[in-house]
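Survey of secondary and tertiary structure
Chain residues, written in single-letter form:
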Amino acid sequence: MILTADSGTTKTEWLIIDNEADKTVSIFTKGMNPYFQTEDEIRASLKDELLPKLPADVKIDAVYFYGAGCTPDKAPLMKSVMSEFFPDITIEVNNDLTAAARATCQHEAGIACIMGTGSNSCFYDGTAIVKNIPPLGYILGDEGGGVSLGRQLLGNIFKESTSEALRQKFYDRYGLTAAQAIEKVYRQPFPNRFLASFAPFVAENIHEPEMRTLVLNDFKYFLTRNVCKYDYQRYPVHFIGSVAFHLKDVLLEAAAEKGVNIGKILRSPAQGLAEYHTNRNFIKITEKPSLYNDLELQSTHTLLQWLNTEDQKVALAVKNVLPQIEKLVDEIVLRMKKGGRIFYMGAGTSGRLGVLDASEIPPTFGMPPTWIIGLIAGGDTALRSPVEKAEDNLERGWQELVEHNISALDTVVGIAASGTTPYVIGAMREARRNGILTACITNNPGAPICAEADIAIEIPVGPEFVTGSTRMKSGTSQKLVLNMISTTVMIKLGRVKGNKMVNMQLSNNKLVDRGTVMLTEELNIDYDKAKKLLLLHGSVKAVLDCFEKS
């Protein structure tokens, strides 16, 4: 069974999805937001509110949590706490915009928008969010949301820019003065909630021409500043949120005026997420088609332009996981300072990239080849030729780690675009059971490999240029992350001075010349003397250390 959660400011809607029985069960708890709540507060909510409401006979196989505040730097906290109550299963944590995109677009490309307390929007390529116009919050943005409507309503009421009848209706209901409103907005916490609390009044009085004009103009402003920044004439535009749902007639009118093609308008993403995750297993084994068609009919110039466009998305996707990479690097450095090692494990392209990164460490940083080790399913033969069914062996990966005398100081980094490679998953599972730090690099968020990782680096790069060819964007993202990990670790271990490779191996004339020039610059000596010293001591760093001691 699958457990999904849509968490807002005040409440969380949980859905238990039973695929076999084709039914869902809803559970409601208070809202959970790692941006505002502490780890202990989240833990207490799960323990005291959620667990007692779960049926005793329910066995959860995966949890997918979506909520405001689940930014890349806060999501790991939420995932860590949830793993205490749901150990050894897949746990994925995403923000509310991802929930909106998956619930409305499912596995198709489209534009997803939120119109609730605040507002937000994105372009979703069917796999991941690839563009997001920043919402800017309740002061600088959030047009079209409850905050914006409430803010304009209060301004019109207190500045007497509405009819007397509407003002009296407002005062009769709320008894609010301008001074009290100012206190709430400028001096008390959560002014956004306060402002959004007047959205129901707006909806109830939408039949009033002045109120309809207010909403219509704000919705058109949202479409202009947000939706029209995407390719809105090519893709459907979907909406999630109570404001969009209750004021859909005005939203449709605004969209018609702006030439926007409205798709779904849902009050909440819960049922849409249930549909998305019900079909998830099928999607895992079905490659998402390329965004480009008729490749063989295109000119070389066009193909290269399209390839470059897709490649540019990769660096942005990697940027989103920098907090996870940082955490992994710091953990690795702590262990390597005590004698620990890194093991990269993968199959196919992922395995080759791991072996490549490991093999480049000795010549670049002068480290022994036993410090960072790349293992590929099928062994060295698989570096050049595929080895049939090697990656399907669940036990072989751990056997190879044992052959290398793996210990608790080591780190196992599993690399798999799909996140389903048995060779890698089996090794990580056993490593984790033995108290060894595990991490994964995958392009399929929430994949089985993530459940075996203490630190999951999940990089959704979207459909490949050639459908299913993970050697392209997926492989590029993995290479970027591996470069970041190994280079940063080497720097933190003192293998770089300033910005120079002072520990590189002197394996050819070019590198001898490079090291010699480094010494001439550092020590202010002539070239011939520097070269003699370099060849005598074997590395730039050894020469520099010798001079520092003298």
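To start, this report covers the structure provided alongside it. (Residues numbered from 1 in each chain as written. Predicted model: local features only at pLDDT ≥ 70, side-chain atom pairs only at ≥ 80, totals over all residues. Heavy atoms only, no water.)

Turning our eyes to something else, we now look at the pattern of salt bridges. By the definition in use, this model includes 20 salt bridges. A salt bridge links Glu 430 to Arg 433; its shortest N-O distance comes to 2.8 Å. With Glu 430 and Arg 433 both in helix α20 (residues 422-433) and 3 residues apart, this pair spans about one turn of that helix. The class of Glu 430 is partly exposed, set by a relative accessible area of 25%. On the basis of relative accessible area, Arg 433 is assigned to the exposed category, the value being 61%. Here Asp 454 makes a salt bridge to Arg 432, at a shortest N to O gap of 3.0 Å. Here Asp 454, found in the loop between α21 (448-451) and β15 (455-458), pairs with Arg 432, found in helix α20; they are 22 residues apart in sequence, far enough to count as distant. (Salt bridge = Lys/Arg side-chain N within 4 Å of Asp/Glu carboxyl O. Helix = DSSP H or I, 4+ residues; strand = E, 2+ residues; numbered from the N terminus. Buried < 20%, exposed > 50% of the residue type's maximum accessible area, 1.4 Å probe, protein only.)

What follows is about the nonpolar core. Of all hydrophobic cores here, the largest spans 45 residues; its most connected members are Val 215, Phe 219 and Phe 239. Sort the elements by how many residues they give to this core and helix α10 (residues 209-225) lands first, with 7 residues. For Phe 219, the contacting residues outside a window of four places in its chain are Met 115, Gly 144, Val 243, Leu 247, Val 250, Leu 251 and Ala 254. Residues Met 336, Tyr 344, Leu 353 and Ile 485 belong to the second largest nonpolar core, which totals 32 residues. (Core = buried A, V, L, I, M, F, W, Y, C linked by side-chain atoms within 4.5 Å. Contact = heavy atoms within 4.5 Å.)

Take unusual backbone geometry next. Even without a glycine there, the phi angle at Asp 88 is positive, about 60°. Structurally, the position occupied by Asp 88 is in the loop between α2 (75-85) and β5 (90-94). What makes Asp 88 exposed here is its relative accessible area of 69%. Despite not being glycine, Glu 160 has its phi angle at roughly 55°, a positive value. Checked against the element boundaries, Glu 160 lands in the loop between α5 (146-158) and α6 (164-174). Given the relative accessible area of 60%, Glu 160 is considered exposed.

In short, the description is geometric, and any link to function would need to be established separately.
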